[in-house]
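Okay, here's what each chain looks like letter by letter:
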Amino acid sequence: MQHTIPVSASFTIFNYLNLTPSFTFTDRMYTNKVMQSWDADRQAVVRDTVNGFYNVYNWNFSVSANTKLYGFWVPNRKIFGDKIQATSP
């Protein structure tokens, strides 16, 4: 069985920066596990299956940030040549 709980949110700070933290928790449940030990007399690994409920947990945390940048840029004619057409308002 597996349970997954995702949690995320979005916040705007300083009116320009968007932060999005995210947290995910995953729980996997198993009905048995394999116990291993070393038998020094036989020089071999001894494996034993044990029945019961056993959990394995994983979690992940992340934060992303983004913003939008607006502005005007006039390309340099020396670099782009005549490929740029001037527009007048």
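What comes next concerns the included structure. (Residues numbered from 1 in each chain as written. Predicted model: local features only at pLDDT ≥ 70, side-chain atom pairs only at ≥ 80, totals over all residues. Heavy atoms only, no water.)

Scanning the chain from terminus to terminus reveals one helix and four strands. Starting at the N terminus and walking to the C terminus, you meet the elements of the chain as β-β-β-β-α. Scored against the burial criterion, the 89 residues of the chain give a buried share of 2%. Counting contacts in the chain only where the partners sit at least 6 residues apart, residues at least 24 apart contribute 45% of the total. On the chain, roughly 8,400 Å² of surface is accessible, and the fraction owed to carbon and sulfur atoms is 57%. (Helix = DSSP H or I, 4+ residues; strand = E, 2+ residues; numbered from the N terminus. Buried < 20%, exposed > 50% of the residue type's maximum accessible area, 1.4 Å probe, protein only. Contact = heavy atoms within 4.5 Å. Areas by Shrake-Rupley, 256 points an atom, 1.4 Å probe, with all protein chains shown as cover.)

A few words on the packing of aromatic side chains. Enumeration according to the criterion identifies two aromatic pairs in this entry. Plain terms: the ring middles of Phe 25 and Tyr 57 are 5.7 Å apart, the flat faces sit at 25° to each other, and that makes the pair stacked. Of this pair, Phe 25 sits in strand E3 (residues 17-39) while Tyr 57 is found in strand E4 (residues 44-66), placing the two residues 32 residues apart along the sequence. Phe 25 gets classed as partly exposed once you look at its relative accessible area, which sits at 27%. (Phe/Tyr/Trp six-rings, centres within 6.5 Å; stacked < 30°, edge-to-face > 60°.)

What follows covers the pattern of salt bridges. Pairing of side chains with opposite charge becomes possible as their charged atoms draw close. A full pass over the atoms with the stated rule returns one salt bridge. For Asp 39, the salt bridge is made with Arg 42, and the minimal N-O distance between the two is 2.8 Å. (Salt bridge = Lys/Arg side-chain N within 4 Å of Asp/Glu carboxyl O.)

The pairing of E3 with E4 spans 21 bridges and is classified as antiparallel. Bridge pairing links Asn 18 to Asn 66 in E4. Between E3 and E4, which pair antiparallel and follow one another directly, the connecting turn spans four residues, one of which, Gln 43, has a positive phi of 55°. (Pairing = 2+ DSSP bridges.)

These figures capture arrangement, not role.
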